Amino acid sequence: MRMRATLADYKVGDKVILKKVLDNHLTIQLYSMGCILGEEITIERKAPFGDPIIIRVEDSFISLRKDDAQKMEVLLS
């Protein structure tokens, strides 16, 4: 069985494509900030221990908890 990669699995500088969000409430929050399925995301910063994570979506920066990043399935861009 193939493991699914989440946003939390990648490192600073990686560019990924958002494929699926595993939490309906998080989906709504991300959509309201312009982060939609198929969008390219760049991981800008990770704090020690990986929490929080700063991502860039187009010209916007979004801070995410590691727990939320683990609910976002992505593919390397």
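Definitions and cut-offs
Residues numbered from 1 in each chain as written. Predicted model: local features only at pLDDT ≥ 70, side-chain atom pairs only at ≥ 80, totals over all residues. Heavy atoms only, no water. Buried < 20%, exposed > 50% of the residue type's maximum accessible area, 1.4 Å probe, protein only. Helix = DSSP H or I, 4+ residues; strand = E, 2+ residues; numbered from the N terminus. Arc of directions from axis to C-beta. Contact = heavy atoms within 4.5 Å. Polar contact = N/O pair within 3.5 Å; in protein donor to acceptor, adjacent residues only side chain to side chain. Pairing = 2+ DSSP bridges. Salt bridge = Lys/Arg side-chain N within 4 Å of Asp/Glu carboxyl O. Axes fitted to C-alpha atoms, helices over the stretch in contact; angles between N-to-C directions.

Draft legend 1. Highlighting helix α1 (residues 24–32). Considered for burial, the residues of α1 that qualify are Leu26, Thr27 and Leu30. Summarising the axial view, the buried residues of α1 lie within an arc of 105 degrees, below the 170-degree limit, and thus occupy one face. When the buried face of α1 is taken as reference, the exposed residues oriented beyond 90 degrees from it are Asn24, His25, Ile28 and Ser32. Looking at the buried residues of α1, the elements they touch are β1 (15–21), β4 (60–64), α2 (66–69) and β5 (72–76). The opening residue of α1 is Asp23, an N-cap whose side-chain oxygen sits 3.0 Å from the backbone nitrogen of His25. At the C-terminal side of α1, Gly34 shows a positive phi close to 90 degrees.

Draft legend 2. Examining the pairing of β1 more closely. Sheet analysis places β1 next to strand β2 (residues 40–46), joined by three bridges and oriented antiparallel. Pairing of Ile17 across the sheet is with Glu40, part of β2. Looking at chain direction, β1 and β5 are connected through five bridges and run antiparallel. Residue Leu18 lies in a different strand from β5, and its bridge partner there is Val74.

Draft legend 3. Local environment of the pattern of salt bridges. A full pass over the atoms with the stated rule returns six salt bridges. Residue Asp14 pairs with Lys11 through a salt bridge whose shortest N-O separation is 3.3 Å. Overall, Asp14 belongs to the buried group, its relative accessible area being 15%. The exposure class of Lys11 is exposed, given its relative accessible area of 56%. With a shortest N-O distance of 3.0 Å, Arg65 and Asp68 are connected by a salt bridge.

Draft legend 4. Here's a closer look at the pairing of β4. Pairing geometry for strand β3 (residues 53–57) and β4, over five bridges, is antiparallel. Looking at the pairing, Arg56 lines up with Phe61 of β4. Connecting β3 to the antiparallel partner β4 that follows it, the hairpin turn spans two residues, and Glu58 within it adopts a positive phi of roughly 55 degrees.

Draft legend 5. Geometry of the sheet that holds β4. Strand order in this open sheet of five strands is β4-β3-β2-β1-β5, and the pairing throughout is antiparallel. Each edge of the open sheet is held by one strand with a lone partner, namely β4 and β5. For this sheet the average axis-to-axis angle between neighbouring strands, irrespective of direction, equals 40 degrees. Packed on one face of the sheet, α1 meets β1, β4 and β5 and runs near 135 degrees to β1.

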